[in-house]
Amino acid sequence: EQFGLSFSNLNNLAKRYKHAEELVHQLWESGNHDARMLAIKIANPAQLTADTIDAWVEGLDNYVITDAFSHLVGKTSFARQKMEAWVGREDEWPATAGWNLLALLAMGDHNRPDDFFDPYLETIQRTIHTRKNRVRHAMNNALIAIGIRNYNLEQKALTAATQVGKVHVDHGETNCQTPFAAEYIRKTWAHRDKRAKVG
(Lines give C-alpha, C1' and ligand atoms only; values in the text may rest on other atoms or scores of the structure.)
Protein backbone atom coordinates (compact mmCIF):
# COMPACT_ATOMS: atom_id res chain seq x y z
CA GLU A 1 0.00 0.00 0.00
CA GLN A 2 1.45 3.34 -1.02
CA PHE A 3 0.54 6.81 -2.25
CA GLY A 4 3.36 6.98 -4.78
CA LEU A 5 5.11 10.03 -3.30
CA SER A 6 8.47 10.88 -4.83
CA PHE A 7 11.57 10.98 -2.65
CA SER A 8 11.71 14.71 -3.30
CA ASN A 9 8.28 15.18 -1.74
CA LEU A 10 9.14 12.86 1.13
CA ASN A 11 12.32 14.84 1.81
CA ASN A 12 10.37 18.11 1.85
CA LEU A 13 7.90 16.63 4.33
CA ALA A 14 10.77 15.29 6.42
CA LYS A 15 12.23 18.79 6.77
CA ARG A 16 8.87 20.06 8.00
CA TYR A 17 8.26 17.30 10.55
CA LYS A 18 11.80 16.42 11.63
CA HIS A 19 11.82 14.63 15.01
CA ALA A 20 8.02 14.86 15.48
CA GLU A 21 8.14 11.74 17.63
CA GLU A 22 4.41 11.21 18.10
CA LEU A 23 3.88 11.47 14.35
CA VAL A 24 6.70 8.95 13.74
CA HIS A 25 4.78 6.16 15.44
CA GLN A 26 1.47 7.08 13.81
CA LEU A 27 3.07 7.01 10.38
CA TRP A 28 4.67 3.62 10.96
CA GLU A 29 1.52 2.07 12.37
CA SER A 30 -0.40 3.11 9.25
CA GLY A 31 1.35 0.32 7.34
CA ASN A 32 1.60 2.54 4.27
CA HIS A 33 4.94 2.33 2.44
CA ASP A 34 5.32 6.10 1.92
CA ALA A 35 4.22 6.87 5.47
CA ARG A 36 6.78 4.43 6.83
CA MET A 37 9.53 5.95 4.72
CA LEU A 38 8.60 9.36 6.15
CA ALA A 39 8.62 7.90 9.67
CA ILE A 40 12.17 6.66 9.13
CA LYS A 41 13.26 10.02 7.74
CA ILE A 42 11.92 12.06 10.66
CA ALA A 43 12.67 9.66 13.52
CA ASN A 44 15.29 10.72 16.05
CA PRO A 45 17.62 7.72 16.60
CA ALA A 46 18.30 8.87 20.14
CA GLN A 47 14.60 8.65 20.98
CA LEU A 48 13.97 5.19 19.54
CA THR A 49 13.75 2.32 22.01
CA ALA A 50 14.93 -1.22 21.42
CA ASP A 51 11.32 -2.41 21.79
CA THR A 52 10.18 -0.06 19.04
CA ILE A 53 12.92 -1.28 16.73
CA ASP A 54 12.02 -4.89 17.50
CA ALA A 55 8.41 -4.18 16.58
CA TRP A 56 9.32 -2.34 13.40
CA VAL A 57 11.69 -5.03 12.11
CA GLU A 58 8.80 -7.51 12.06
CA GLY A 59 6.88 -5.19 9.72
CA LEU A 60 9.57 -4.93 7.04
CA ASP A 61 8.32 -6.20 3.69
CA ASN A 62 10.60 -4.86 0.94
CA TYR A 63 14.22 -3.87 0.35
CA VAL A 64 13.60 -0.12 0.07
CA ILE A 65 12.11 0.13 3.55
CA THR A 66 14.61 -2.38 4.92
CA ASP A 67 17.64 -0.45 3.67
CA ALA A 68 16.32 2.85 5.06
CA PHE A 69 15.40 1.18 8.35
CA SER A 70 18.89 -0.32 8.61
CA HIS A 71 20.53 3.09 8.29
CA LEU A 72 18.25 4.45 11.00
CA VAL A 73 19.08 1.59 13.39
CA GLY A 74 22.75 2.06 12.53
CA LYS A 75 22.58 5.48 14.23
CA THR A 76 21.25 4.09 17.50
CA SER A 77 23.24 2.95 20.52
CA PHE A 78 22.03 -0.64 20.07
CA ALA A 79 23.05 -1.15 16.43
CA ARG A 80 25.48 -3.95 17.28
CA GLN A 81 22.97 -5.69 19.55
CA LYS A 82 20.33 -5.72 16.80
CA MET A 83 22.83 -6.80 14.17
CA GLU A 84 23.80 -9.81 16.28
CA ALA A 85 20.14 -10.69 16.85
CA TRP A 86 19.10 -10.44 13.21
CA VAL A 87 21.91 -11.85 11.03
CA GLY A 88 20.88 -15.40 11.83
CA ARG A 89 17.17 -14.90 11.22
CA GLU A 90 15.48 -17.04 8.58
CA ASP A 91 13.06 -14.23 7.67
CA GLU A 92 14.36 -12.37 4.62
CA TRP A 93 13.93 -8.77 5.76
CA PRO A 94 15.14 -8.93 9.38
CA ALA A 95 18.18 -10.93 8.22
CA THR A 96 18.82 -8.39 5.47
CA ALA A 97 18.68 -5.60 8.06
CA GLY A 98 21.16 -7.49 10.23
CA TRP A 99 23.73 -7.85 7.47
CA ASN A 100 23.15 -4.23 6.44
CA LEU A 101 24.03 -3.24 9.99
CA LEU A 102 27.21 -5.31 9.90
CA ALA A 103 28.27 -3.44 6.76
CA LEU A 104 27.55 -0.12 8.49
CA LEU A 105 29.60 -1.19 11.53
CA ALA A 106 32.48 -2.18 9.27
CA MET A 107 32.45 1.20 7.59
CA GLY A 108 31.71 3.42 10.58
CA ASP A 109 32.84 1.85 13.85
CA HIS A 110 36.60 2.39 13.67
CA ASN A 111 37.30 1.24 17.22
CA ARG A 112 36.11 -2.32 16.71
CA PRO A 113 38.97 -4.89 16.56
CA ASP A 114 39.55 -6.80 13.34
CA ASP A 115 38.85 -10.19 14.88
CA PHE A 116 35.27 -9.09 15.58
CA PHE A 117 34.58 -9.62 11.87
CA ASP A 118 36.24 -13.04 11.55
CA PRO A 119 33.19 -15.19 12.41
CA TYR A 120 31.01 -13.16 10.04
CA LEU A 121 33.44 -13.68 7.18
CA GLU A 122 33.31 -17.40 7.93
CA THR A 123 29.49 -17.35 7.98
CA ILE A 124 29.35 -15.47 4.68
CA GLN A 125 31.75 -17.90 3.04
CA ARG A 126 29.86 -20.93 4.35
CA THR A 127 26.22 -19.92 3.94
CA ILE A 128 25.71 -17.01 1.53
CA HIS A 129 24.50 -19.14 -1.38
CA THR A 130 21.87 -20.81 0.80
CA ARG A 131 20.27 -17.62 2.12
CA LYS A 132 17.22 -15.81 0.78
CA ASN A 133 17.49 -13.41 -2.15
CA ARG A 134 18.02 -10.03 -0.49
CA VAL A 135 19.94 -11.57 2.38
CA ARG A 136 22.53 -12.73 -0.16
CA HIS A 137 22.79 -9.17 -1.45
CA ALA A 138 23.27 -7.74 2.05
CA MET A 139 25.84 -10.40 2.95
CA ASN A 140 27.78 -9.62 -0.21
CA ASN A 141 27.75 -5.92 0.68
CA ALA A 142 28.93 -6.74 4.19
CA LEU A 143 31.77 -8.79 2.73
CA ILE A 144 32.82 -5.80 0.63
CA ALA A 145 32.53 -3.40 3.57
CA ILE A 146 34.77 -5.61 5.72
CA GLY A 147 37.25 -5.96 2.87
CA ILE A 148 37.67 -2.22 2.42
CA ARG A 149 37.87 -1.47 6.16
CA ASN A 150 41.67 -1.89 6.39
CA TYR A 151 44.57 -3.77 4.81
CA ASN A 152 44.49 -6.66 7.26
CA LEU A 153 40.81 -7.38 6.68
CA GLU A 154 41.24 -6.86 2.95
CA GLN A 155 43.25 -10.09 2.72
CA LYS A 156 40.80 -12.06 4.85
CA ALA A 157 37.82 -10.75 2.89
CA LEU A 158 39.49 -11.49 -0.45
CA THR A 159 40.06 -15.07 0.64
CA ALA A 160 36.38 -15.40 1.55
CA ALA A 161 35.22 -13.60 -1.59
CA THR A 162 37.31 -15.85 -3.82
CA GLN A 163 35.71 -18.91 -2.24
CA VAL A 164 32.23 -17.39 -2.52
CA GLY A 165 32.56 -16.40 -6.17
CA LYS A 166 29.68 -14.67 -7.94
CA VAL A 167 26.56 -14.09 -5.88
CA HIS A 168 23.29 -14.27 -7.78
CA VAL A 169 20.51 -11.91 -6.67
CA ASP A 170 17.19 -11.23 -8.39
CA HIS A 171 16.85 -7.44 -8.48
CA GLY A 172 13.52 -7.51 -10.25
CA GLU A 173 12.76 -5.07 -13.06
CA THR A 174 15.77 -2.84 -12.41
CA ASN A 175 19.24 -2.34 -13.85
CA CYS A 176 20.87 -3.13 -10.51
CA GLN A 177 23.58 -5.75 -10.38
CA THR A 178 25.30 -7.50 -7.50
CA PRO A 179 29.04 -6.78 -7.64
CA PHE A 180 31.65 -9.53 -7.48
CA ALA A 181 33.05 -8.82 -4.02
CA ALA A 182 36.70 -9.70 -4.71
CA GLU A 183 36.82 -7.48 -7.77
CA TYR A 184 35.12 -4.59 -5.96
CA ILE A 185 37.49 -4.81 -2.99
CA ARG A 186 40.58 -4.84 -5.24
CA LYS A 187 39.34 -1.88 -7.28
CA THR A 188 38.58 0.12 -4.14
CA TRP A 189 42.06 -0.42 -2.70
CA ALA A 190 43.70 0.32 -6.06
CA HIS A 191 41.79 3.60 -6.19
CA ARG A 192 42.79 4.46 -2.63
CA ASP A 193 46.45 3.67 -3.28
CA LYS A 194 46.40 5.81 -6.39
CA ARG A 195 44.88 8.74 -4.52
CA ALA A 196 47.44 8.34 -1.73
CA LYS A 197 50.32 8.52 -4.22
CA VAL A 198 48.86 11.61 -5.87
CA GLY A 199 48.27 13.25 -2.49
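Presented here is a report on the structure given in the accompanying data block. (Residues numbered from 1 in each chain as written. Predicted model: local features only at pLDDT ≥ 70, side-chain atom pairs only at ≥ 80, totals over all residues. Heavy atoms only, no water.)

1. Looking at the nonpolar core
Rule in force here: Remark: nonpolar core denotes a set of buried residues (Ala, Val, Leu, Ile, Met, Phe, Trp, Tyr, Cys) joined through side-chain atoms within 4.5 Å. Exposure categories follow from relative accessible area, calculated using a 1.4 Å probe and restricted to protein chains: below 20% of the type maximum is buried, above 50% is exposed, and the middle band is partly exposed. By the criteria applied, helices consist of DSSP H or I runs no shorter than four residues and strands consist of E runs no shorter than two, each listed in order from the N terminus. Should any heavy atoms of two residues lie within 4.5 Å, those residues are considered in contact.
Counting residues in each nonpolar core, the largest one holds 62 residues, and the members touching the most others are Phe69, Trp99 and Leu102. Take this core: its biggest share by element is nine residues, from helix α7 (residues 92–108). Contacts of leucine 102, omitting those with residues within four sequence positions, involve Met83, Phe116, Phe117, Tyr120, Ala142 and Ile146.

2. Notes on the packing of helix α5 (residues 63–73) against α7
Basically, it comes down to this: Angles run from 0 to 180 degrees between N-to-C directions of axes, and those axes are lines fitted to C-alpha atoms, restricted for helices to the stretch in contact. Any angle that is under 35 degrees is reported as roughly parallel, and any over 145 degrees as roughly antiparallel; angles of 65 to 115 degrees are reported as roughly perpendicular and all others as oblique. Put simply, a crossing is left-handed when the front helix is turned counterclockwise from the back one by less than a right angle, and right-handed when it is turned clockwise. Polar here means any residue outside two lists: the nonpolar Ala, Val, Leu, Ile, Met, Phe, Trp, Tyr, Cys and Pro, and the charged Asp, Glu, Lys and Arg; Gly therefore counts as polar.
Between α5 and α7, the least distance of the axes is 9 Å, while the angle of their chain directions is 45°. When the axes of α5 and α7 are compared, the pair comes out oblique. With respect to the hand of their crossing, α5 and α7 are arranged in right-handed fashion. Contacts between α5 and α7 pair Tyr63, Thr66, Asp67, Phe69, Ser70, His71 and Val73 from the former with Trp93, Thr96, Ala97, Asn100, Leu101 and Leu104 from the latter. Grouping the amino acids of the contact of α5 with α7 by side-chain chemistry returns seven nonpolar, five polar and one charged.

3. Points about the pattern of salt bridges
The test is simple: By definition, a salt bridge exists where a carboxyl oxygen of Asp or Glu is found within 4 Å of a side-chain nitrogen of Lys or Arg.
Applying the stated criterion to the full structure yields eight salt bridges. Taking the shortest distance from any N to any O, the salt bridge between arginine 89 and aspartate 91 comes out at 3.1 Å. Of the charged contacts, one joins aspartate 109 and arginine 112 as a salt bridge, the two residues approaching to 2.7 Å between their closest N and O atoms. Residue class for arginine 112 comes out buried when judged on its relative accessible area of 17%. Members of the salt-bridge network, linked through shared partners, are Glu58, Arg89 and Asp91.

4. Quick notes on the packing of aromatic side chains
For any two aromatic rings, the description comes down to two numbers: the centre-to-centre distance and the angle of the planes. The line we're drawing: Stacked, tilted and edge-to-face are the three classes applied to pairs of Phe, Tyr and Trp rings, where Trp contributes its six-membered ring and a pair requires centres within 6.5 Å; stacked means planes under 30 degrees apart, edge-to-face means over 60, and tilted covers the rest. By definition, being over a ring means that NZ of Lys or CZ of Arg is both within 6 Å of the ring centre and within 35 degrees of the ring normal.
If you walk through the whole model with that rule in mind, you get six aromatic pairs. Members of the aromatic cluster, each reached through a chain of ring pairs, are Trp99, Phe116, Phe117 and Tyr120. Positioned over the ring face of tryptophan 28 is arginine 36, at 4.3 Å from the centre of the ring. Against the face of tyrosine 63 rests arginine 134, its NZ or CZ located 3.8 Å from the ring centre.

Structural measurements only, silent on function.
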